[in-house]
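Residues per chain, in single letters:
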Protein chains: 2
Amino acid sequence: MRIGELGRVTCTQIETIRYYEREGLLAAPARTEGNFRIYDDTHVERLSFIRHCRSLDMALDEIRILLRFKDAPTENCGDVNTLLDAHIGHVAARIRELRALEGQLKSLRDRCHEAQDAAHCGILNELSQPSRQGATNGGGHVHGVHGGVRARYTP
Amino acid sequence: MRIGELGRVTCTQIETIRYYEREGLLAAPARTEGNFRIYDDTHVERLSFIRHCRSLDMALDEIRILLRFKDAPTENCGDVNTLLDAHIGHVAARIRELRALEGQLKSLRDRCHEAQDAAHCGILNELSQPSRQGATNGGGHVHGVHGGVRARYTP
DNA sequence: GCTTGACTCTGTAGTGACTACAGATTGTTA
DNA sequence: TAACAATCTGTAGTCACTACAGAGTCAAGC
């Protein structure tokens, strides 16, 4: 099959498939005479694996590790369990952070109930104060289980 | 004060301050003869406002809107409430998504209790199947209250 | 006056995981 | 043969920064 069909079968955009190839997650497939990529069922399986992992919000680096285990079936899988436990820990931590954030936002919202002029808006005035106990922000704009690239803001 | 002191006072990296200036969130300040930026208390207040908003995980575009209200104090602040309500909604939605994800990860983890060879690892085998009901993933790798730039994966 | 070291300047590139597009080529159907 | 779909490579953009390189500025000590 060609890239379009692989994309349809695995619900993956064509650019994403080529991106995975560039990133070394998907091996470079054979080509037709006209230089079109040709895939078979092994590619479907591998891409399904990757997409399933991504749907569970694993980072590509984590997926790389899991793929290495898939490629070495006699290896002991203990590290797979460890990786998954760590990932579950990250997700749980992010949930706790977001809940704290939600609480802060709701208490901020309570400062202004009816519309009035902006100069007297309790929300805007509160926001002008430095924030109290530092964001629980693990990666900026509610992103990033893993902390990620983004800066931590802890005033 | 110069940029270093502003950074210390507001717990903001120098590069971030310059970035906000480039982005138009912070007005370009006066300069010394030697071309150093000089800030005063109004800048401290404005930057504190921005950082406080960021610590609440608002996007810079949302903060831009709030700043417009701060700059027009006679305007009605009803839209501030609307924006905040929407933001709270996004956070709440992301928490729901992450909880669903946590459940999926835990049930995946249950498939392999003791370390064995990778070929028989229930986790790796399960991941090779296409994912069941599509990720609740609102932005890739547990990022993004706002959905953001990232792709949604819903197989 | 000179040196040292801290501070600041501009500009560019990198982060993650893609997405979007331009411009060219290939394949399929009428 | 022409039209059109599919694919190719390569580059740039997303968000909110961070990290440098290489140059210039400033204050304190000698």
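Residues numbered from 1 in each chain as written. Chains lettered and ligands numbered in written order. Predicted model: local features only at pLDDT ≥ 70, side-chain atom pairs only at ≥ 80, totals over all residues. Heavy atoms only, no water.

### Section: the overall build of chain A
Stated formally: A run of DSSP states H or I qualifies as a helix once it reaches four residues; a run of E qualifies as a strand once it reaches two. Both are numbered from the N-terminal end. Any residue under 20% of the maximum accessible area for its type is buried, any over 50% is exposed, and the rest in between are partly exposed; the area is computed with a 1.4 Å probe on protein chains only. Contacts were defined at the residue level, with two residues in contact if any of their heavy atoms lie within 4.5 Å.
When you go through chain A residue by residue, the secondary structure sums to six helices and two strands. Burial analysis of chain A (155 residues in total) assigns 48% to the buried set. When contacts within chain A are restricted to residue pairs at least 6 apart in sequence, long-range pairs at least 24 apart make up 44% of them.

### Quick word on helix α1 (residues 3–10) of chain A
Residue and element names in this part refer to chain A. The test is simple: Directions pointing from the helix axis toward each C-beta atom define the arc.
Every buried residue belonging to α1 is among Ile3, Leu6, Gly7 and Thr10, and all of these are buried. One face of α1 carries all of its buried residues, which in axial projection span an arc of 100°. Tucked inside the fold, the buried residues of α1 contact α2 (14–22), β2 (37–38) and α3 (41–55). Looking one or two residues beyond α1, the residue adopting positive phi is cysteine 11, at roughly 55°.

### Re the side chain of Glu21(A)
All names here are of chain A. Residue placement: glutamate 21 occurs in helix α2. A residue is classified by how much of its surface remains accessible, and glutamate 21, at 16% relative accessible area, is buried. When neighbours within four sequence positions are excluded, glutamate 21 is seen to be in contact with Leu26, Ala27, Ala28, Pro29, Arg31, Arg37 and Tyr39.

### Topic: the side chain of Arg51(B)
Applicable threshold: The definition of a polar contact used here is a pair of N or O atoms within 3.5 Å, where within protein one atom must be able to donate a hydrogen and the other to accept one, and adjacent residues in sequence count solely through side-chain atom pairs.
Within the element layout of this structure, Arg51(B) appears in helix α3 (residues 41–55). One polar contact links Arg51(B) to Tyr20(B), side chain to side chain, over a distance of 2.7 Å.

### Comments concerning the confidence of the model for chain A
Residues and elements named next belong to chain A. Selection rule: Per-residue confidence from the prediction method is given by pLDDT, with values spanning 0 to 100.
Within chain A, residue pLDDT values average 78, and 83% of them lie at 70 or more. Low pLDDT, under 50, characterises residues 146–155; the stretch is placed with 31 contacts to residues that sit more than four places away or in other chains. Predicted complex, confidence summary: ipTM 0.69, pTM 0.73.

### Focus: the packing of aromatic side chains
Stated formally: Think of it this way: a Phe, Tyr or Trp ring, Trp meaning its six-membered ring, pairs with another when their centres are within 6.5 Å, and the plane angle makes it stacked under 30 degrees, edge-to-face over 60, tilted otherwise.
According to the stated counting rule, one finds two aromatic pairs over all chains in the structure shown. Pairing Tyr19(A) with Tyr20(A) gives two aromatic rings, centres 6.0 Å apart and planes at 45°, and the pair type is tilted.

### With respect to the packing of helix α2 (residues 14–22) of chain B against α3(B)
Relative orientation and spacing of two packed helices are given, respectively, by the angle between their axes and the distance between those axes. All names here are of chain B. Just so we agree on the cut-off: The angle between two axes is taken between their N-to-C directions and runs from 0 to 180 degrees, where each axis is a line fitted to C-alpha atoms and a helix contributes only its stretch in contact. Working definition: roughly parallel below 35 degrees, roughly antiparallel above 145 degrees, roughly perpendicular at 65 to 115 degrees, and oblique for all remaining angles. Each residue gets one of three labels, nonpolar for Ala, Val, Leu, Ile, Met, Phe, Trp, Tyr, Cys and Pro, charged for Asp, Glu, Lys and Arg, and polar for the others, Gly among them.
It is the contact of α2 with α3, at a shortest axis distance of 12 Å, that shows an interaxial angle of 100°. When the interaxial angle is binned, α2 and α3 end up roughly perpendicular. Residues Thr16, Ile17 and Tyr20 of α2 touch α3, and the partners they reach there are Leu47, Ile50, Arg51 and Arg54. Split into classes, the residues belonging to the contact of α2 with α3 amount to four nonpolar, one polar and two charged.

### A short note on the pattern of salt bridges
Heads up, the rule is: Each reported salt bridge corresponds to a side-chain nitrogen of Lys or Arg within 4 Å of a carboxyl oxygen of Asp or Glu.
This model, assessed by the stated rule, comprises 14 salt bridges over all chains. Close ionic contact of Arg64(B) with Glu23(B) constitutes a salt bridge, the shortest N to O distance being 3.7 Å. Taken together, the positions of Arg64(B) in helix α4 (residues 60–70) and Glu23(B) in the loop between α2 and β1 (30–31) put the pair 41 residues apart, joining distant regions of the chain. The exposure class of Glu23(B) is partly exposed, given its relative accessible area of 33%. A network of salt bridges, in which partner residues are shared, links Glu23(A), Asp61(A) and Arg64(A).

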